[in-house]
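Given next are the chains, with one letter for each unit.
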Amino acid sequence: MAVLGYRPEPFTDFRREENFRAFKAALEMVEGELGRAYPLIISGDRVRSGVTFDSVNPANPGQLIGRVSQAERNHFEQAMQAAQGAFETWSRWDPRWRARILLKAAAQLRRRKHEFSALLVLEVGKPWPEADADTAEAIDFLEFYAREMVRLAEGSPRLTAMPGEDNELIYMPMGVGAVIPPFNFPLAIACGMTASAIVAGNTVLLKPAVPAPVVAYRLVELLEDAGLPPGVVNLLPSGGPEVGQWMVSDPRTHFISFTGSRDVGVQIYAEAAKVAPGQRHLKRVIAELGGKDAIVVAEDADPEAAATGIVAAAFGFGGQKCSACSRAIVHQDLYDQVLELAVRKTERLVVGDPRNENTDVGPLAGPRYLERVLKYIEIGKGEGRVATGGGAVETPSGGYFVKPTIFADVEPGARIAQEEIFGPVVAFHKAPDFRTAVAMANDTEYGLTGAIYTRSRENIEYARREYQVGNLYINRKCTGALVGVHPFGGFKLSGTDSKAGGHDYLTLFLQAKSVSEQL
Ligand code: NAD
């Protein structure tokens with residue numbers, strides 16, 4: 001199979017007139033299709049349920065994106081049986097055939113890129129470039145995991161030769177998996193988690209995040225259009241946690257691929273460890289959870305570059321990224337300067353409806369996210385000084401907007417410095433020296449991403465060794481990992497360090513069989 005080298009999908013330059021117009025047209029087209037009913041997908045069949053929930057535009061909650069069927073217990077049962085049935089054939093497909101379905105889906109997604117990105121603008125409130133990056137990442141996952149499966153299908157070439165024996169290590173699929181993605185990369189992460197599981201030969205039950213069921217429906221359609229057989233991916237949306245809980249606790253589930261918050265991930269981890277009567281396997285859990293990511297600024301850093309990185313990483317997609325910078329730990333000699341620059345840059349950000357091309361910060365994904373962020377802003381007022389922002393933004397449409405907020409002079413042990421907020425809020429801390437700053441950065445239960453700004457080789461080597469994060473960035477912001485370039489996943493309570501988009505990732509969805517024949 002001629003698979004050419006993988007390269008990340010380029011981002012769209014919206015300053016070019018043709019791209020700008022094409023995106024506007026895509027927004028209009030997607031808006032023309034809003035408000036439809038979205039059924040479940042079980043074994044390729046469209047199944048309507050008696051219970052529905054609404055997906056709405058968070059910038060304008062009066063705008064219905066779709067009315068979505070909610071899976072009930074009998075649907076879950078049908079889907080589980082469909083996935084078990086499909087496993088019997090799908091798991092025996094030539095892995096290269098499976099890979100070709102991903103490559104075809106990638107090609108179709110590339111052709112329909114703006115349509116998917118426009119839906120992300122409307123369903124979860126992503127500004128244009130953020131939506132474009134989400135779609136590009138979904139393409140990358142399809143392209144990357146397709147190639148990875150082809151590589152793994154060739155077996156391990158690295159076994160030590162033993163005279164008189166023919167030895168091989170082959171990778172085999174596991175069974176039915178639960179795929180439970182978060183809302184914040186509703187296309188890229190849902191696509192990456194699904195594509196990795198199925199290209200490895202497993203079949204899945206996919207439960208999309210509550211705020212983003214319509215984009216998940218479109219994703220499954222895309223895979224079907226690329227030739228995915230019925231029953232390989234079964235879509236079971238729900239307006240609450242129960243469908244996910246059924247998927248996790250069912251003894252027929254072989255693995256759980258979860259990306260989401262720490263609390264839910266920890267519960268799933270514990271639940272999956274239980275072995276039900278009659279269950280003949282241990283469930284594997286791949287869990288990628290939250291972060292409390294910090295950017296450390298050393299005394300020799302470029303203050304302008306550091307402030308730019310902090311603001312971009314703190315407020316990109318309104319801070320709703322696991323990798324978002326929520327702490328800036330700045331050497332005392334640069335503290336006032338970096339803080340002032342960051343405040344100035346933040347106050348220039350345009351907050352508003354991401355349908356408009358010049359919006360930098362859109363809404364939070366829903367009322368429960370807004371409530372949570374506003375609660376933390378109130379807590380922060382008792383723990384630091386509001387340097388800018390500090391509350392909701394009222395709009396006539398009633399969207400879930402918050403002002404990008406910087407708290408200055410926060411103690412490292414403060415709640416806003418320890419707990420994941422998942423909104424446009426960053427705390428500034430003053431540090432006496434670089435090593436203390438790294439120790440402050442490490443002093444949380446999370447270990448997902450981190451960045452340092454410094455010109456010193458000694459500082460850089462110290463951070464490479466001592467900064468306890470799964471993704472460390474040097475002299476750049478702590479968001480924006482690229483598939484295949486920056487394998488992604490965290491330490492500590494940020495997860496099982498699965499390194500999505502890396503060469504080790506697909507083996508998490510496979511079991512390796514070592515076969516030895518006496519010659
Ligand atoms: P969440 O934990 O609220 O939900 C994640 C998914 O779990 C959703 O599909 C949700 O419906 C489902 N769910 C909720 N309760 C469940 C239960 N009891 N059993 C089974 N499933 C259940 O997270 P979210 O708000 O959608 O996403 C934001 C979180 O995700 C943040 O904490 C963020 O840091 C994290 N995240 C991590 C990564 C990473 O790679 N580490 C990437 C993106 C997001």
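Since the model is a prediction, treat every value here as computed from it, not as a measurement.

(A) Main features of the site of the ligand. Neighbouring the ligand are 30 residues, the closest being Pro181, Lys207, Ser261, Leu289 and Glu420. Between the ligand and Gly260, the relevant distance is 3.3 Å, taken from an oxygen atom to a main-chain nitrogen or oxygen of the residue. Here a nitrogen atom of the ligand sits 3.5 Å away from a polar atom, N or O, in the side chain of Gln267. Within the complex, the protein chains bury 93% of what would otherwise be the 850 Å² of accessible surface of the ligand. When residues of the shell around the ligand are traced back to their parent elements, those giving at least two are helix H8 (242–249), strand S10 (253–259), helix H9 (262–272) and helix H12 (367–381). Sorting elements by how many residues they give to the shell around the ligand places H9 first, with three residues. The residue makeup of the shell around the ligand includes at least three contributed by each of domain 1 (17–155 + 166–289 + 498–516) and domain 2 (293–482).

(B) Just the environment of Ala26, in detail. Position of Ala26 among the secondary structure elements: in helix H1 (residues 17–31). Here Ala26 falls in the buried class, since its relative accessible area comes to 9%. For the pair Ala26 and Glu517, spaced 491 residues apart in sequence, the C-alpha to C-alpha distance is 58 Å. Contact partners of Ala26, with chain neighbours within four places excluded, come to His114, Glu115 and Ala118.

(C) Molecular detail of the sheet that holds strand S13 (residues 325–331). What the seven strands build is an open sheet, ordered S14-S17-S18-S13-S12-S20-S21; its pairing is mixed. Each end of this open sheet is capped by a strand with a single partner; those strands are strand S14 (385–388) and strand S21 (471–474). Direction aside, the axes of adjacent strands within the sheet are offset by 25 degrees on average. Across four bridges, strand S12 (residues 293–297) lies against strand S20 (residues 449–453) in parallel orientation. Among the inter-strand pairings, Val297 is bridged to a residue of S20, identified as Tyr453. Here helix H11 (residues 335–347) sits on the sheet and contacts S12, S13, S14, strand S17 (405–408) and strand S18 (425–431); the angle it forms with S14, its principal contact strand, is near 55 degrees. Helix H14 (residues 434–442) rests against S12, S13, S18 and S20 of the sheet, and its axis sits at about 160 degrees to S13.

(D) A look at unusual backbone geometry. Phi at Phe317 is positive, roughly 45 degrees, even though this residue is not glycine. Tracing the backbone through its elements, the reader meets Phe317 in the loop between helix H10 (303–315) and S13. A residue is classified by how much of its surface remains accessible, and Phe317, at 3% relative accessible area, is buried. Of note, Asp409 is a non-glycine position whose phi angle comes to about 60 degrees, a positive value. Tracing the chain through its elements places Asp409 in the loop between S17 and helix H13 (415–418). Here Asp409 falls in the partly exposed class, since its relative accessible area comes to 40%.

(E) Highlighting the packing of H14 against helix H15 (residues 457–466). Across the interface, H14 lies against H15 with an axial gap of 11 Å and an inter-helix angle of 25 degrees. Here H15 runs roughly parallel to H14, going by the angle between their axes. Along this stretch, H14 crosses H15, giving a crossing that reads as right-handed. Here H14 contributes Phe434, Arg435, Val438 and Asn442 to the contact with H15, which in turn contributes Glu458, Asn459, Tyr462, Ala463 and Glu466. A breakdown of the residues in the contact of H14 with H15 according to their chemical character gives four nonpolar, two polar and three charged.

(F) Region of interest: the sheet that holds strand S4 (residues 52–57). Strand order in the open sheet formed by three strands is S1-S5-S4, and the pairing between neighbours is mixed. Among the strands making up the open sheet, the edge pair consists of strand S1 (36–38) and S4. Direction aside, neighbouring strands of the sheet carry axes that sit 40 degrees apart on average. Pairing of S4 with strand S5 (residues 60–69), which is carried by six bridges, proceeds in the antiparallel orientation. Bridge pairing in S5 places Val56 opposite Leu64.

(G) Region of interest: the packing of aromatic side chains. Counted according to the given criterion, the structure contains 18 aromatic pairs. Where Tyr38 meets Tyr217, the ring centres are 5.1 Å apart and the plane angle is 75 degrees; that geometry is what we call edge-to-face. Placement of the pair is Tyr38 in strand S1 and Tyr217 in helix H7 (residues 213–225), with a sequence separation of 179 residues. For the pair Tyr38 and Tyr217, one class covers both residues: buried. Aromatic side chains Phe255 and Phe509 sit 5.5 Å apart centroid to centroid with 80 degrees between the ring planes, which places their arrangement in the edge-to-face category. With Phe255 in strand S10 and Phe509 in the loop between strand S22 (491–492) and strand S23 (510–518), the pair connects residues that are 254 residues apart, well separated along the chain. Grouping residues by exposure puts Phe255 and Phe509 together as buried. These aromatic residues form a ring-pair network of at least three members: Tyr6, Phe141, Phe144, Tyr145, Phe255, Tyr505 and Phe509. Across the ring face of Phe185, the terminal group of Lys126 is positioned such that the distance to the ring centre comes to 3.8 Å.

The rules behind the values
- Per chain, the residues get numbers from 1 upward, laid out in the order the sequence is written.
- With pLDDT at 70 or above as the cut-off, local features in this predicted model cover only qualifying residues; side-chain atom pairs require 80 or more to be listed or tallied, and sums for whole chains, interfaces and linings still use all residues.
- To obtain the side-chain values, all non-hydrogen atoms of the structure were included, while hydrogens and water were left out.
- Any residue with a heavy atom lying within 4 Å of a molecule or strand is counted as near it.
- Residues adjacent in sequence count toward polar contacts only when both atoms are side-chain atoms; beyond that, a polar contact is any pair of N or O atoms within 3.5 Å, and within protein one must be able to donate a hydrogen and the other to accept it.
- Only the protein chains shown count as cover for residues, and all accessible areas are computed by the Shrake-Rupley method using a 1.4 Å probe.
- Starting at the N terminus, helices and strands are each numbered in turn, a helix being any DSSP run of H or I of at least four residues and a strand any DSSP run of E of at least two.
- The split into domains, and so the bounds of each, comes from an automatic or database assignment of domains.
- Under the scheme applied here, a residue whose accessible area is under 20% of the maximum for its type counts as buried, over 50% as exposed, and between as partly exposed, the area being computed with a 1.4 Å probe on protein chains only.
- We call two residues in contact whenever any of their non-hydrogen atoms come within 4.5 Å of each other.
- Two strands pair if DSSP finds at least two bridges between them.
- Fitted lines through C-alpha atoms serve as axes, helices being fitted only where they are in contact, and the angles separating the N-to-C directions of these axes extend from 0 to 180 degrees.
- Throughout this description, any angle smaller than 35 degrees is read as roughly parallel, any larger than 145 degrees as roughly antiparallel, any in the 65 to 115 degree range as roughly perpendicular, and the remainder as oblique.
- Left-handed is the label given to a crossing in which the near helix is rotated counterclockwise from the far helix by less than a right angle, and right-handed is the label when the rotation is clockwise.
- Ten residues, namely Ala, Val, Leu, Ile, Met, Phe, Trp, Tyr, Cys and Pro, are considered nonpolar, four, namely Asp, Glu, Lys and Arg, are considered charged, and the remaining ones, Gly among them, are considered polar.
- Centre distance within 6.5 Å is the pairing criterion for rings of Phe, Tyr and Trp, where only the six-membered ring of Trp is used; planes under 30 degrees apart are then read as stacked, over 60 as edge-to-face, and the remainder as tilted.
- A ring has a charge above it when a Lys NZ or an Arg CZ is no more than 6 Å from the ring centre and no more than 35 degrees off the ring normal.

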